Amino acid sequence: MPNTALAFAEKNREKALEELKAFLRIPSVSTLPDHAGDVRAAAGFLADELKRIGLENVRLIETAGHPLVYGDWLHAEGKPTVLLYGHYDVQPPDPLDEWLSPPFEPVERNNNLYARGAVDDKGQLWMQVKALEALFQGSGGRLPVNVRMISEGEEEVGGEGISEYVQKHPEALKADVALVCDTEMFAPELPTLCVGLRGMIYTELEVRGAKSDLHSGMYGGAAPNPFMALAEILTGLKDADGHILIPGFYDDLQTPAAEELAAWKSLPFDEEHYRLTEVGSPELVGEKGYSVLERIWARPTLEVHGMPGGFIGAGAKTVIPAKALAKVSMRLVPNMTSAKAYELYAAYVQKLAPKGVTVETRLIHSGEPVVVSTDNPFIHKAVTAMHEIWKKDTVFVRGGGSIPIVGEFERYLKLPVILMGFGLPDDGLHAPNEKFHIPNFYRGTDSIILFLENCGA
Ligand code: BES
Ligand code: MN
Ligand code: MN
């Protein structure tokens, strides 16, 4: 018997893509206060579509920040309930001058759709919506399973709103499994399930010296320079081999099981290709004794994102800045906790501070690392669904990135989580010219359709 939902999806592909473009035109940058209205507009756009396709109880749920978008359909008696999750907020588009076409004017080039949020995560969220629409349309307004769909507009800034909601109202998201579409495939054409994510703490480190900016000739030599102090602190946090020097930082770290490490060795990974095409630096760096995949999936890291302050205009200005700031984050792996990591970091920063300055650290947001168990029947349903679409066996990988709510779905909702993503390694998440490979948008939708059908079978 032909699959009516797949047939509907196939027939409506171009339409789905055009709708996604409209979604992408809304610059829902969650971290920039000026875009709060756009973030809300994207929430409204999504909610309207959820109503249109047939979800019920569709509403915006207010948080202290950007709203959540919720909808459900709970009439598949005796069938499991699937909680679908994605995020409709995006990263800032800068540096703007590196985009070949404007970030919020989606265009197709070479079978790719280019726009900020194309793959992270509006495109992947839209696949979920289109999969539900196809299932409704293919079977007279019914779904093969019960569905709750929750989307957030704060994932890229730590996801505090959804975290609070999940902890306060676990019964409102009651389900048997969560399907998260916000990760990548390990390689083109290779169906992939992600079974681990790093956690993180995102901090600001502020160094203050003199009471105000000073003439660097009149005071240089006697007044402390907060940027020099900041540089000293930063280089004291991590050595040249990428080893983090914060005492106790690695104490709770759990090494992946031997079987998992062995499986990573058989993944199709070419370090030189990765260096050239994805990283593009003269050499790769990192901790000695660990493979690249171990470094990005199973080891913590400490990175500096930016150092605002002082004189950064064109030309020269001779000034000793009164203060210097660094945005510093650390990625965490099982079984590290964000609370302990932050405590150890904050204390060590004070120890590293040279004389003449005061140092303050602030925690901006945090999320816990997760490994999801492969020991549940829904994993098998996902693998089968993807095999039908991609004609290949699924590989299991971890992701170096973070999706803070995933751990909380496990912890507070006690759900197995399926991380089924369709990004490609060169999609440029968070970077200029982010894209979504259009065939992946279509086959991803089909994979979700079959997964939901399998869950209901
Ligand atoms: N979708 C990514 C996370 C991701 C990417 C996981 C690729 C696995 C593979 C997510 O939108 C993201 O970027 N998260 C932020 C979270 C942070 C701001 C709390 C991240 O990882 O930097
Ligand atoms: Mn994402
Ligand atoms: Mn992201």
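Anything mentioned here points back to the structure above.
Residues numbered from 1 in each chain as written. Chains lettered and ligands numbered in written order. Predicted model: local features only at pLDDT ≥ 70, side-chain atom pairs only at ≥ 80, totals over all residues. Heavy atoms only, no water.

Undergrad: Before we move on, could you go through the coordination of the manganese ion (ligand 2) and cite the residues and values that matter?
TA: Summarising the metal site, the manganese ion (ligand 2) is bound by the protein donors His 87 (NE2), Asp 120 (OD), Asp 182 (OD) and Asp 182 (OD), whose distances to it range over 1.9 to 2.4 Å. Around the manganese ion (ligand 2) sit 6 donor atoms; with metal-centred angles ranging over 57 to 162°, the donor geometry is irregular. Sequence spacing of the donor residues for the manganese ion (ligand 2), all on one chain, is H-x32-D-x61-D. Separating the manganese ion (ligand 2) from the manganese ion (ligand 3) is a gap of 3.6 Å, which Asp 120 spans by donating to each of them. Linking His 87 in strand 3 (residues 81–87) with Asp 182 in the loop between strand 7 (177–180) and strand 8 (192–197), this pair joins segments that are 95 residues apart in sequence. Each member of the pair, His 87 as well as Asp 182, is classed as buried. (Donors = N, O, S within 2.8 Å, 3.2 Å for Na, K, Ca; no water. Tetrahedral: all angles 85-135°; square planar, octahedral: opposite > 155°, others 65-115°. Helix = DSSP H or I, 4+ residues; strand = E, 2+ residues; numbered from the N terminus. Buried < 20%, exposed > 50% of the residue type's maximum accessible area, 1.4 Å probe, protein only.)

Undergrad: So what's going on with the coordination of the manganese ion (ligand 3)? Residues and values would help.
TA: Any two of four tetrahedral donors ideally make an angle of 109.5 degrees at the metal, while pairs among six octahedral donors ideally make 90 or 180 degrees. Only Asp 120 (OD), Glu 156 (OE), Glu 156 (OE) and His 430 (NE2) from the protein coordinate the manganese ion (ligand 3), and they sit 2.1 to 2.6 Å from it. In this structure, the manganese ion (ligand 3) is surrounded by 6 donor atoms whose angles at the metal cover 55 to 156°, and the resulting shape is irregular.

Undergrad: Tell me about the pattern of salt bridges, and please be specific about residues and values.
TA: Applying the stated criterion across every chain, the model contains 27 salt bridges. With its nearest N and O atoms 2.7 Å apart, the salt bridge here joins Lys 130 to Glu 49. With Lys 130 in helix 4 (residues 122–138) and Glu 49 in helix 3 (residues 36–53), this pair connects stretches of sequence that are 81 residues apart. Classification of Lys 130 by relative accessible area gives buried; the value is 5%. (Salt bridge = Lys/Arg side-chain N within 4 Å of Asp/Glu carboxyl O.)

Undergrad: Kindly report on the sheet that holds strand 4 (residues 107–109), identifying the contributing residues and their values.
TA: Pairing in this open sheet of 3 strands is antiparallel, and the strands run 4-5-18 from one edge to the other. One side of each edge strand has no neighbouring strand; the edge strands of this open sheet are strand 4 and strand 18 (435–437). Direction aside, neighbouring strands of the sheet carry axes that sit 30° apart on average. Strand direction decides the pairing type here: strand 5 (residues 112–114) and strand 18, joined by 3 bridges, are antiparallel. Across the sheet, residue Asn 112 finds its bridge partner in strand 18, namely His 437. Sitting on the sheet, helix 13 (residues 438–456) is in contact with strand 4, strand 5 and strand 18, with an inclination near 60° to strand 18. (Pairing = 2+ DSSP bridges. Axes fitted to C-alpha atoms, helices over the stretch in contact; angles between N-to-C directions. Contact = heavy atoms within 4.5 Å.)

Undergrad: Would you mind going over the pairing of strand 1 (residues 56–61) in detail, with residue names and values included?
TA: Inspection of the sheet shows strand 1 paired to strand 2 (residues 68–73) by 4 bridges, in the antiparallel sense. By the bridge assignment, Leu 60 is partnered in strand 2 with Val 69.

Undergrad: Hey, could you go over the site of ligand 1 for me, with residue numbers and the actual values?
TA: Contacts to ligand 1 come from 16 residues, most closely from Glu 155, Asp 182, Arg 331, Ser 402 and His 430. Within the side chain of Glu 155, an N or O atom sits 2.7 Å from an oxygen atom of ligand 1. In this structure, His 430 approaches ligand 1 through a side-chain N or O atom, which is 2.8 Å from an oxygen atom. Calculation on ligand 1 without its partners gives an accessible area of 520 Å², and the protein chains cover 91% of this total. Residue composition of the shell around ligand 1, grouped by class: 5 nonpolar, 6 polar and 5 charged. Taken domain by domain, the shell around ligand 1 gets at least three of its residues from each of domain 1 (4–196 + 369–456) and domain 2 (199–253 + 300–367). (Near = heavy atom within 4 Å. Polar contact = N/O pair within 3.5 Å; in protein donor to acceptor, adjacent residues only side chain to side chain. Areas by Shrake-Rupley, 256 points an atom, 1.4 Å probe, with all protein chains shown as cover. Nonpolar A, V, L, I, M, F, W, Y, C, P; charged D, E, K, R; others polar. Domains from an automatic or database assignment.)

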